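# Residue-level structure breakdown
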Amino acid sequence: MRQILIEPTENPKVMKFVADYNLIPGSLELDRNSDISEIPLAQELFNYPFIERIFITANFIAVAKQDSVEWEFVTESLKNIVEDQLIANPRIYQKKIQDIPLVFAEMTPNPMVMKFVSNKPLLNGFVEVKSREEAADVPLAQAIFQEYDFAKEVFISDNFVAVTKNVSVEWHEVMVAVRTFISEYLHNDGKISNLPPQKHANPVENLINRDYTENEQKISDILNEYVAPAVEGDGGKISLIEYDESTKTAKMLLQGACSGCPSSTATLKGGIENLLKQFVPELVENVEAVNG
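Here's what I pulled together on the structure shown here. (Residues numbered from 1 in each chain as written. Predicted model: local features only at pLDDT ≥ 70, side-chain atom pairs only at ≥ 80, totals over all residues. Heavy atoms only, no water.)

### What about helix H4 (residues 171–187)?
The cut-off we apply is this: Every helix listed is a DSSP run of H or I at least four residues long, and every strand listed is a run of E at least two residues long, numbered separately from the N terminus. A helix is expected to span 1.5 Å for every residue after the first. Exposure is judged per residue with a 1.4 Å probe applied to protein chains only, and the accessible area is read against the type maximum: over 50% gives exposed, under 20% gives buried, and values in between give partly exposed. Throughout, a residue-residue contact means that at least one pair of heavy atoms, one from each residue, lies within 4.5 Å.
With 17 residues, H4 should cover 24 Å at 1.5 Å per step; its first-to-last C-alpha distance of 23 Å lies within 8% of that length. Looking only at H4, the buried set comprises Trp171, Val174, Val178, Phe181, Ile182, Ser183, Glu184, Tyr185, Leu186 and His187. Looking at the buried side of H4, the elements it contacts are strand E6 (103–107), strand E7 (113–118), helix H3 (139–147) and strand E10 (160–165). After H4 finishes, the residue aspartate 189 shows a positive phi value of roughly 60°.

So, in structure tokens, the structure goes:
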């Protein structure tokens, strides 16, 4: 719930209801003759006959009343209305249903990572921010870091944001807040990234600046067809980063929710290694994980 503070003004007829964020660009001044058809907050407040005018600007809503009513009897009721309406319409004007980005929270195999999935595309590819210091060129990640001290890493890919937390909180304590924050950020057309996203096809090329050998390409093709879709569904990414022909060892780069995840390591040994042994036994005997 949005935190609303009640602040008296020098005018005894006017009370301010202050939010913890900027409500609108510019300002609105409304009376009972104004067109408030797209402003549900004003509609609800004007249901009170003693309210004469409403002024909205920056981070506050100022309400002017008639002298017939004392503030001490109505401020809490008005505050509740403001809180409820800002939850429904954070930017004052009524949201158009088709413009509302829906964000769903999904657990991942890594208990430290939660995946927040949007019904709208975010990037054509992916970006990974491993620390707060790396977030300057990724505004969405920077906003998450600034809002939440527990956020450690942010991985943005296609239509989801995977957030890695530290041990100071549990996801059930903060999941709803993070989901709401990301949803509002997207609704307000917040910039996702100023960096060109890495491409899914061969992200390893951006890391080591080389093309796959013929054998590496065979291994990568199997990963892309049989493994990558499930891994990406869990908020992560897996790529072949190195192949040692002498030991028949394939090293996998784990990113997003997969990075540092205990179950990912087990999956590599129990599932992916066996899969590669079946498809290319002449190439692969061992699989190792490299956390991105």
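### Some points on the pairing of strand E9 (residues 151–157)
Quick reminder of the rule: Whether two strands pair comes down to DSSP finding at least two bridges between them.
Taking burial as the measure, the seven residues of E9 include six buried ones, the bulk of the element. Alignment of strand E8 (residues 126–129) against E9, held across four bridges, turns out to be antiparallel. Opposite valine 129, over in E9, you have valine 154 as the bridge partner. Pairing of E9 with E10 involves six bridges; the strand directions are antiparallel. By the bridge assignment, phenylalanine 155 is partnered in E10 with alanine 162.

### Quick look at the pattern of salt bridges
Inclusion rule: Put simply, a salt bridge is a Lys or Arg side-chain nitrogen that is within 4 Å of an Asp or Glu carboxyl oxygen.
Scanning the model with the defined rule gives six salt bridges in all. One salt bridge connects glutamate 52 with lysine 13, and the closest N-O pair in it is separated by 3.4 Å. Within this pair, whereas glutamate 52 is found in strand E4 (residues 51–57), its partner lysine 13 is found in the loop between strand E1 (5–8) and strand E2 (14–18), the two being separated by 39 residues in sequence. When its relative accessible area of 28% is taken as the criterion, lysine 13 is described as partly exposed. Between lysine 115 and glutamate 106 there is a salt bridge, with the nearest N and O atoms lying 4.0 Å from each other.

### What about the sheet that holds E4?
Here is the rule: All axes are obtained by fitting lines to C-alpha atoms, using only the stretch in contact for helices, and the reported angles, taken between N-to-C directions, cover 0 to 180 degrees.
Within the open sheet, the five strands sit side by side as E1-E2-E5-E4-E3. Their pairing is antiparallel. Looking at strand neighbours, the two that pair on one side only are E1 and strand E3 (27–31), the edges of this open sheet. Direction aside, the axes of adjacent strands within the sheet are offset by 20° on average. In this fold helix H2 (residues 75–88) packs onto E1, E2, E4 and strand E5 (60–65), with an angle of close to 40° to the strand it touches most, E2.

### Re the environment of valine 18
For valine 18, the location among the structural elements is in strand E2. The exposure class of valine 18 is buried, given its relative accessible area of 9%. If near-sequence neighbours (up to four positions away) are discounted, valine 18 is found in contact with Gln3, Ile4, Leu5, Glu7, Asn59 and Phe60.

### A few points about the environment of leucine 28
Secondary-structure assignment places leucine 28 in strand E3. Here leucine 28 falls in the buried class, since its relative accessible area comes to 14%. Those residues in contact with leucine 28 that lie beyond four places of it in its chain are Ile39, Ile54, Phe55, Ile56, Ile92 and Tyr93.

### Some words on a negative patch on the surface
For the record, the criterion: Residues qualify for a patch when their relative accessible area is over 30% and they have no salt bridge, like charges being joined within 9 Å and the nonpolar side chains of Val, Leu, Ile, Met, Phe, Trp and Tyr within 5 Å. Shrake-Rupley sampling with a 1.4 Å probe provides the accessible areas, and residues are treated as covered by the protein chains on show and by no other component. For the charge count, each Lys or Arg is scored as positive and each Asp or Glu as negative, with His and the chain ends excluded. Think of each charge as sitting on NZ of Lys, CZ of Arg, CG of Asp or CD of Glu.
A cluster of like negative charges, contributed by Glu242, Asp244, Glu245 and Glu288, occupies part of the molecular surface. Residue placement: aspartate 244 occurs in strand E11 (residues 236–244). Residue class for aspartate 244 comes out partly exposed when judged on its relative accessible area of 31%.

### A few points about the packing of aromatic side chains
The cut-off we apply is this: Side-chain rings of Phe, Tyr and Trp (the six-membered ring for Trp) are treated as a pair once their centres are within 6.5 Å; stacked means planes under 30 degrees apart, edge-to-face means over 60, and tilted covers the remaining angles. We call a charge positioned above a ring when the Lys NZ or Arg CZ atom is no farther than 6 Å from the ring centre and deviates by at most 35 degrees from the ring normal.
Summed over the entire model, instances satisfying the criterion amount to seven aromatic pairs. Look at phenylalanine 116 and tryptophan 171: their rings are 6.0 Å apart centre to centre, the planes differ by 65°, and that puts the pair in the edge-to-face class. Taken together, the positions of phenylalanine 116 in strand E7 and tryptophan 171 in helix H4 put the pair 55 residues apart, joining distant regions of the chain. For the pair phenylalanine 116 and tryptophan 171, one class covers both residues: buried. Here the aromatic rings of phenylalanine 155 and phenylalanine 160 are separated by 6.2 Å at their centres, their planes lie at 40°, and the arrangement is tilted. Taken together through their ring pairs, the aromatic side chains of Phe116, Tyr148, Phe150, Trp171 and Phe181 make up a single cluster. The ring of phenylalanine 60 has lysine 16 lying over it, and the distance from NZ or CZ to the ring centre is 4.2 Å. If you follow lysine 115 out to its NZ or CZ, it ends over the ring of phenylalanine 160, 4.6 Å from the centre.

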